[in-house]
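Structural characterization, general
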Amino acid sequence: MTAPRRTLVRVLVGVLAVVLVLCCGGVAAGGWALARGGTDTVGEVDFVRPLAIPPLAASRVDERGRRVFDLLARDGRRDFRGDGRLTRTAGFDGDFLGPTLRARRGEQVVVNVVNRLAEETSVHWHGMHLPARMDGGPHQTIRPGATWSPTWTVNQPAATLWYHPHPHGETEEQVLRGLAGLFLVDDDREAALPLPRRYGVDDIPVIVQDRNFSRSGEFTRTRNMISSIGVLGDTLLVNGTVGPYLDVTTERVRLRLVNASTARLYDFGFADNRRFDLIGSDGGLLPRTARTDRVQLSPGERAEIVVTVRPGERAALRSTGPDLGAGALADRFAGGRDRFDVLQLRAADTLAPSPAVPDTLVPLDRFDPASAATTRRLEFTGRGINGRSMQMDRIDFAATKDTTEVWEVVNTDGTPHNFHVHDVQFQVLSVGGESPPPALTGWKDTVYLAPERPVRIALRFTDHSDPDVPYMYHCHLLWHEDSGMMGQFVVVEPGQSPGRPPARAGHGGHD
Ligand code: C2O
Ligand code: CU
Ligand code: CU
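Now for a description of the structure that goes with this document. (Residues numbered from 1 in each chain as written. Chains lettered and ligands numbered in written order. Predicted model: local features only at pLDDT ≥ 70, side-chain atom pairs only at ≥ 80, totals over all residues. Heavy atoms only, no water.)

1. Quick word on the overall build of the protein chain
Selection rule: Per the convention used, a helix needs a DSSP run of H or I reaching at least four residues, while a strand needs a run of E reaching at least two, with both numbered from the N terminus. Note that the radius of gyration is over C-alpha atoms, with the globule rule given as 2.2 Å times the number of residues to the power 0.38. Note on classification: 1.4 Å probe, protein chains only; a residue is buried when its accessible area is under 20% of the maximum for its type, exposed when over 50%, partly exposed between these limits. For this analysis, residues touch if any pair of their heavy atoms sits within 4.5 Å. With residues, only the protein chains shown are counted as cover, and all accessible areas are computed by Shrake-Rupley using a 1.4 Å probe. Charged residues are defined here as Lys and Arg on the positive side and Asp and Glu on the negative side; His and the ends of the chain fall outside this count. Note on charges: their place is set at NZ of Lys, CZ of Arg, CG of Asp or CD of Glu.
Helix and strand counts for the protein chain come out as five helices and 32 strands. Relative to a compact globule of 511 residues, whose C-alpha radius of gyration would be 24 Å, the protein chain shows 24 Å and is just as compact. Principal-axis analysis of the C-alpha atoms gives the protein chain an extent of 95 × 65 × 50 Å. When each of the 511 residues of the protein chain is scored for burial, the buried share is 58%. In the protein chain, once contacts between residues fewer than 6 apart in sequence are set aside, the share between residues at least 24 apart is 77%. When the accessible area of the protein chain is evaluated, it comes to approximately 20,100 Å², of which 52% is carbon and sulfur surface. Once the 59 positive and 63 negative side-chain charges of the protein chain are each reduced to a mean point, those two points are 4 Å apart.

So this is what it looks like as structure tokens:
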């Protein structure tokens with residue numbers, strides 16, 4: 001061998017040795033990390049604080065017959081764990097979260113949103129069917145000090161909706177700080193059913209969020225770079241309460257479960273695996289009650305369940321590892337194996353009777369996919385949808401008013417994602433080619449996307465059109481949304497062409 005070649009061999013051997021050492025080290029570290037397991041608070045949570053119930057927002061009816069609410073976004077501080085360490089927070093009308101808005105189908109509502117934060121915000125009505133310029137997305141931002149007063153007529157079935165900020169690129173941070181609340185819609189159909197509906201008594205909001213606290217008590221935002229799904233916390237807040245219990249005084253209690261976390265999925269059930277009645281999903285009651293022992297929710301999703309308790313018992317609501325369908329690495333690093341004690345139900349020794357939950361709930365007319373005007377494919381991968389990242393001045397497509405569309409939404413990049421669309425509630429046609437499970441048989445606005453399991457949905461765009469102001473569709477893992485996994489569509493009249501929205505949000509509202 002000539003000298004230069006010998007040198008080359010030596011160099012190659014050296015490189016190989018380094019690579020080997022790195023690989024083994026990597027495998028060992030990976031193995032260790034996998035073996036270490038995830039977050040597990042089962043049996044470790046002291047249920048010592050009564051569950052906070054967000055107050056119902058006061059409202060008045062103005063001279064035009066509109067129901068008027070006021071909502072003030074502001075910074076705050078809260079001692080979540082009772083140890084004197086204050087966390088910098090934000091909330092509506094308070095330090096953390098916000099009041100529950102409530103309106104009946106058919107009512108016209110006005111919400112005067114005042115921004116007392118030091119930065120721009122917006123308030124989006126998640127799940128609400130309404131005109132795009134009232135939607136509170138990234139185009140309807142409110143400058144500090146300004147007021148925004150959207151108005152619309154509530155026209156959709158009774159449901160558990162929610163509201164939260166949506167300024168482009170800042171949603172995760174603002175929701176994490178505490179800006180979120182519920183919007184309950186009531187209607188005659190729901191009111192005619194024998195269901196628990198006394199707010200705070202046997203009809204209970206359960207807003208679940210995960211947080212990490214620093215030594216000094218601040219929320220921390222460290223993201224796990226292996227899972228790349230965003231911030232996963234090791235402490236649960238339910239309606240802002242750490243270690244919550246609920247005194248139950250009736251045989252049955254309705255829980256409105258809301259996953260208001262920024263990235264985490266939950267698989268809710270009870271410690272004793274009791275069965276409960278699943279009665280509702282994102283957009284309202286299901287056609288039929290489903291008896292089950294688990295309900296899985298990805299960020300943004302809601303479920304209504306009715307739980308039966310026995311006198312004097314304590315029943316713990318738990319979350320066990322959600323089925324992410326994304327492999328062992330995701331199970332370890334994206335929360336697929338994490339377990340949490342969520343909320344303790346403390347049944348009184350004597351319980352007031354509650355009627356049995358009916359099997360049949362509300363009728364649902366199925367959209368006929370064969371009549372779809374358009375079929376679209378939305379592929380979630382990397383930092384975008386269909387290879388494009390969100391751009392404020394680009395309309396991705398236009399849907400025509402009063403038409404039905406079929407969208408095939410697919411996650412092709414191995415990381416957990418989910419799909420949320422504004423303006424309408426959709427029907428799930430299939431998941432991975434199979435007919436949807438009971439939890440996906442009603443109205444939905446958000447659905448989990450396991451890698452390589454296409455979700456086919458049918459949607460119908462009614463009532464509102466506007467060629468210039470877009471609605472959003474996006475991943476509701478908020479870090480993904482903020483990083484550009486979002487797109488914009490407009491609803492147009494037949495034959496109308498889409499306009500062009502501004503690159504920057506117009507400062508909606510006035511001083
Ligand atoms: Cu709950 Cu576009 O968001
Ligand atoms: Cu939304
Ligand atoms: Cu995502």
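Let's pick the thread back up.
2. Section: the pattern of salt bridges
What counts, and what does not: By definition, a salt bridge exists where a carboxyl oxygen of Asp or Glu is found within 4 Å of a side-chain nitrogen of Lys or Arg.
All told, the structure shown has 41 salt bridges when counted by the stated rule. When the shortest N-O distance is used, the salt bridge between Asp267 and Arg294 registers 4.0 Å. In this pair, Asp267 is assigned in strand β16 (residues 266-270) and Arg294 in the loop between β18 (284-292) and β19 (295-297), connecting sequence segments 27 residues apart. Look at Arg294 and you get partly exposed, because its relative accessible area is 26%. Taken together, the salt bridges that share partners define one network made up of Glu190, Arg197, Asp203, Arg254, Arg256 and Glu304.

3. So, the coordination of the copper ion (ligand 2)
Note the following rule: Donors, by definition, are the N, O and S atoms found within 2.8 Å of a metal, the threshold being 3.2 Å for Na, K and Ca, and water is not counted, so a site can look incomplete.
Within the protein, the atoms that donate to the copper ion (ligand 2) are His124 (NE2) and His420 (NE2), at distances of 1.9 Å. Placement of His124 in strand β7 (residues 124-126) and of His420 in strand β27 (residues 417-421) is noted, with a sequence separation of 296 residues between them. Residue classification places His124 among the buried residues on the basis of a relative accessible area of 1%.

4. Considerations on empty space enclosed by the protein
As a reminder of what qualifies: Only protein atoms enter the 1 Å grid, on which a cavity is a set of points fitting a 1.4 Å probe that cannot get out and a pocket is an open set with protein on both sides within 12 Å along at least 5 of 7 lines, lining residues being those with an atom within 4 Å of a point. Grid points are joined across faces, edges and corners, and a volume is the space filled by probe spheres set on the points. Under the scheme applied here, ten amino acids are nonpolar (Ala, Val, Leu, Ile, Met, Phe, Trp, Tyr, Cys and Pro), four are charged (Asp, Glu, Lys and Arg), and all others, including Gly, are polar. Where each domain starts and ends comes from a domain assignment, either automatic or drawn from a database.
Taken as a whole and assessed by the stated rule, the structure comprises one cavity of 30 Å³ or more. In this structure, the largest cavity occupies an estimated 40 Å³ of space. Residue lining of the largest cavity: Ala158, Ala159, Val185, Asp186, Glu190, Arg254, Arg256, Gly284, Leu285 and Glu304, and that is the complete set. By residue class, the composition of the lining of the largest cavity is four nonpolar, one polar and five charged. Formed jointly, the lining of the largest cavity draws a minimum of three residues from each of two domains, domain 2 (49-191) and domain 3 (203-216 + 228-352).

5. Quick look at the coordination of the copper ion (ligand 3)
Every protein donor of the copper ion (ligand 3) is listed here as His417 (ND1), Cys475 (SG) and His480 (ND1), and their distances to the metal cover 1.9 to 2.1 Å. The exposure class of His417 is buried, given its relative accessible area of 2%.

6. A word on the sheet that holds strand β11 (residues 181-186)
Using the following cut-off: Two strands form a pair only when DSSP identifies at least two bridges running between them. For helices, the axis comes from a line fit to the C-alpha atoms of the stretch in contact; other axes are also lines fit to C-alpha atoms, and the angle between any two N-to-C directions lies between 0 and 180 degrees.
Here we have four strands laid out as an open sheet, ordered β5-β11-β10-β7, and mixed in their pairing. Edge strands, defined here as strands with exactly one partner in the open sheet, are β5 (101-104) and β7. Put simply, the sheet's adjacent strands are angled 25 degrees from each other on average, direction ignored. Relative to β11, β5 runs parallel, the two being bridged by four bridges. Of the residues in β11, the one forming a bridge with Arg104 is Asp186.

7. Remarks on the side chain of Asp282
Applied cut-off: Here a polar contact is taken to be a pair of N or O atoms separated by no more than 3.5 Å, where protein atoms must pair a possible hydrogen donor with a possible acceptor and residues adjacent in sequence count only if both atoms sit in side chains.
Looking at the secondary structure, you find Asp282 in the loop between β17 (276-281) and β18. In terms of polar contacts, Asp282 uses its side chain to reach the backbone amide nitrogen of Arg302, at 2.8 Å. A distance of 3.1 Å separates polar atoms of two side chains, one belonging to Asp282 and the other to Lys444.

8. Concerning the environment of Pro470
Looking at the element boundaries, Pro470 is found in strand β31 (residues 466-474). Distance in space between the C-alpha atoms of Pro470 and Gly137 is 8.7 Å, their sequence separation being 333 residues. When near neighbours in sequence (up to four residues on either side) are disregarded, Pro470 contacts Ala132, His139, Ile395, Gln488, Phe489, Val490 and Pro501.

9. Quick look at the sheet that holds strand β29 (residues 446-449)
The strand order across the open sheet formed by five strands is β25-β32-β31-β27-β29, and the pairing between neighbours is mixed. Single-partner strands in this sheet number two, and they are β25 (397-400) and β29. Between one strand and the next, the sheet's axes are offset by a mean angle of 30 degrees, whatever the strand orientation. Of the strand pairs in this sheet, β27 and β31 are connected by two bridges, and their pairing is antiparallel.

10. Here we look at the pairing of strand β13 (residues 235-238)
Of the two faces of β13, the one lined by Thr235 and Leu237 and the one lined by Leu236 and Val238 are each fully buried. The sheet contact formed by strand β12 (residues 203-211) and β13 spans four bridges and is antiparallel. Paired with Arg211 across the two strands is Thr235, which belongs to β13.

11. Some thoughts on the packing of aromatic side chains
Cut-off, in case you're wondering: Put simply, two rings from Phe, Tyr or Trp (the six-membered ring, in Trp's case) pair if the centres are within 6.5 Å, and we call them stacked under 30 degrees between planes, edge-to-face over 60, tilted for the rest. Throughout this description, the term charge over a ring refers to an Arg CZ or Lys NZ atom that lies within 6 Å of the ring centre and within 35 degrees of the ring normal.
This model, assessed by the stated rule, comprises 27 aromatic pairs. On the basis of an interplanar angle of 45 degrees and a centroid distance of 6.3 Å, the ring pair of Tyr473 and Phe489 is categorised as tilted. Residue Tyr473 is located in strand β31, and its partner Phe489 is located in strand β32 (residues 486-492); the two are separated by 16 residues in the primary sequence. In this structure, Arg211 is placed above the aromatic ring of Phe219, and the distance from its NZ or CZ to the ring centre is 5.2 Å.

12. So, the environment of Arg215
Tracing the backbone shows Arg215 in the loop between β12 and β13. Note on Arg215: relative accessible area 79%, which makes it exposed.

By themselves, these are just geometric observations and shouldn't be taken as functional.
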